[in-house]
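The primary structure of each chain is shown beneath.
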Amino acid sequence: MPRSNRRREEQAELDFERALAGRLRSEVKRDGAWNVQPQSASSAMKNYLCPGCGLEIEPGTAHLVTWRADGIMGEADDLAARRHWHSHCWKIRS
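Residues numbered from 1 in each chain as written. Predicted model: local features only at pLDDT ≥ 70, side-chain atom pairs only at ≥ 80, totals over all residues. Heavy atoms only, no water.

Engineer: Can you tell me about the pairing of strand S1 (residues 25-29), naming the residues and giving the values?
Structural biologist: Sheet analysis places S1 next to strand S2 (residues 32-39), joined by 5 bridges and oriented antiparallel. Across the sheet, the residue bridging to Lys29 is Gly32, located in S2. As consecutive antiparallel partners, S1 and S2 are separated by 2 residues. (Pairing = 2+ DSSP bridges. Helix = DSSP H or I, 4+ residues; strand = E, 2+ residues; numbered from the N terminus.)

As structure tokens, then:
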């Protein structure tokens, strides 16, 4: 196998940037624009209540975190009002 000429520090930095790229996305639903960020199963540490189905999202369950992208009260209020959804519940939401 050929030897790589890249230093290990550069590889780790590039992989980290690539992992973060594309995670946060915007979606438009009928009630406005939303920021949608996936939450991996390994980083889901708490119980949340899904507003779509009303059931709990257990720790260790991959899900989505959403908040308004077009809120009139400002970004800080929009972030404070973020909600955790089951991926399927968010997908079928109108």
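Engineer: Lay out the packing of aromatic side chains with the relevant residues and their values.
Structural biologist: In the structure shown here, the tally under the stated rule is 2 aromatic pairs. Relative to Trp90, the ring of Trp34 has its centre 5.7 Å away and its plane inclined at 75 degrees; by these criteria the two rings are edge-to-face. Within this pair, whereas Trp34 is found in strand S2, its partner Trp90 is found in helix H3 (residues 87-92), the two being separated by 56 residues in sequence. Of the two residues examined, Trp34 and Trp90, each falls in the buried class. Through a chain of ring-to-ring contacts, the aromatic side chains of Trp34, Trp85 and Trp90 assemble into a single cluster. A cation over an aromatic ring shows up here: Lys29 above the ring of Trp90, its NZ or CZ 5.0 Å from the ring centre. One residue, Arg68, lies across the ring of Trp34, its end atom 4.9 Å from the ring centre. (Phe/Tyr/Trp six-rings, centres within 6.5 Å; stacked < 30°, edge-to-face > 60°. Buried < 20%, exposed > 50% of the residue type's maximum accessible area, 1.4 Å probe, protein only. Lys NZ or Arg CZ within 6 Å of the ring centre and 35° of its normal.)

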